[in-house]
Amino acid sequence: MSGVSGIVARTPPSALVILGQPVARSLSPVFQNAALQASQIAVQYDRREVAPDELDAVLAECRARNCSGNVTMPHKAAVFERAAHRTPMAERTGAVNTFWWEDGHLMGHNTDVAGITATLRALCPRGIDGDVLVLGAGGSAAAVLVALEGAQRAAGAHTIVMARTPARGDALVRRVKAEAQVVADGTPISWSRVALVINATPKGMGSDDALPMLPALLSPHTAVFDLVYTPESTRWVNEARARGLDAEDGLRMLVEQGAAAFETWFETPAPREAMWRALGVPMPSPHAVRR
């Protein structure tokens, strides 16, 4: 069924949850409960810590309660495999981050691509005018490659996937059917051609303060997109901004993927201003970089 986001659940959920491990610091309940309240929808969104060996039992419980929700690490691929029906976006990425139930069947969708697309539009409002370097070859990188397909790109621009294990990068590119070159970590790059660098690795997440790449390597015209988010932006984003580069962390992506999920569950526009307000952050322009 078509709707606001193009994919809509036939039956709205009675409850919502995010499943993951760890999940205690997830911001999704903060902005999703604000969205539910602003939309006058009497549903609660909760967190649920789920170990891999508990996933089947928890999904069975969700089915019995008509509880839909989101999926985060490390369960996106596992829920993809368990879904009876998957949307084309879930099939392309090989991951499910949004689920619901229809006639007792698990439905899987991926809204990470929508979140990445929104950030690309803000970082590069006139299009991406050079090569894109993607760091990492995991599930997040798959969503990045799919989003880049729909982005406005300069003629002759290339996508480069830099992977710690090039064979894994090759497998990712084949699975997603992306046009991209795979190189090993540390391979020399022609930085003057690179318009955008995207961190799709866990570096910078949680207590990890490591930089995925030294900002000093980047050209003055290169933009930075870190899929990781922290309350005060990541170290990589802050250091890139200090060098005068346009840079965003993963907060816009997080909110926008959540907004797309909300619209899938309820077939109503997500109240984005209320969602951003719940995070204590002014709602950014869709066509300008967050500062």
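Residues numbered from 1 in each chain as written. Predicted model: local features only at pLDDT ≥ 70, side-chain atom pairs only at ≥ 80, totals over all residues. Heavy atoms only, no water.

A.B. asks: With reference to specific residues and values, describe helix α6 (residues 139-149).
C.D. replies: One turn of the α-helix equals 3.6 residues, which is why residues spaced by three or four share an orientation. The buried fraction of α6 amounts to 8 of the 11 residues, a majority that puts the element mostly inside the structure. Every buried residue of α6 is accounted for by A141, A142, A143, V144, L145, V146, A147 and L148. In this structure, the buried residues of α6 make contact with α4 (88-93), α5 (112-123), β7 (131-135), β8 (159-163), α7 (166-176) and β10 (194-199). (Buried < 20%, exposed > 50% of the residue type's maximum accessible area, 1.4 Å probe, protein only. Helix = DSSP H or I, 4+ residues; strand = E, 2+ residues; numbered from the N terminus. Contact = heavy atoms within 4.5 Å.)

A.B. asks: So, the packing of α5 against α6: which residues are in play, and what are the values?
C.D. replies: Between α5 and α6, the least distance of the axes is 9 Å, while the angle of their chain directions is 60°. Accordingly, the angle class assigned to the pair α5 and α6 is oblique. The way α5 lies across α6 gives a crossing that is right-handed. Here D112, V113, I116, T117 and L120 of α5 lie close against α6, whose contacting residues are S140, A143, V144, V146, A147 and L148. Broken down by class, the residue content of the contact of α5 with α6 amounts to 8 nonpolar, 2 polar and 1 charged. (Axes fitted to C-alpha atoms, helices over the stretch in contact; angles between N-to-C directions. Parallel < 35°, antiparallel > 145°, perpendicular 65-115°, else oblique. Left-handed = near helix turned anticlockwise from the far one by under 90°. Nonpolar A, V, L, I, M, F, W, Y, C, P; charged D, E, K, R; others polar.)

A.B. asks: Provide a residue-level description of the sheet that holds β8, including the pertinent values.
C.D. replies: With parallel pairing, 6 strands are arranged side by side in an open sheet as β9-β8-β7-β10-β11-β12. The open sheet is flanked by β9 (181-184) and β12 (247-248), the only strands paired with a single partner. With 4 bridges joining them, β7 and β8 adopt parallel strand pairing. Considered in β8, the bridge of V134 is made with V161. (Pairing = 2+ DSSP bridges.)

A.B. asks: Describe the pairing of strand β11 (residues 223-226), with residues and values.
C.D. replies: Walk down a regular strand and you will see the side chains alternate between the two sheet faces. Because side chains alternate across β11, one face comprises the buried residues A223 and F225, and the other comprises V224 and D226, equally buried. Direction of pairing for β10 relative to β11: parallel, over a ladder of 4 bridges. Bridge pairing in β11 links L196 to A223. Where β11 lies against β12, 2 bridges are found, and the strand directions are parallel. When the sheet's bridge partners are listed, V224 is paired in β12 with A247.

A.B. asks: Describe the side chain of E256, and please don't skip the residues or the numbers.
C.D. replies: With respect to the element layout, E256 can be found in helix α9 (residues 251-266). E256 sits in the buried class, given a relative accessible area of 16%. Among residues more than four places away in sequence, those in contact with E256 are A114, G115, A118 and R272.

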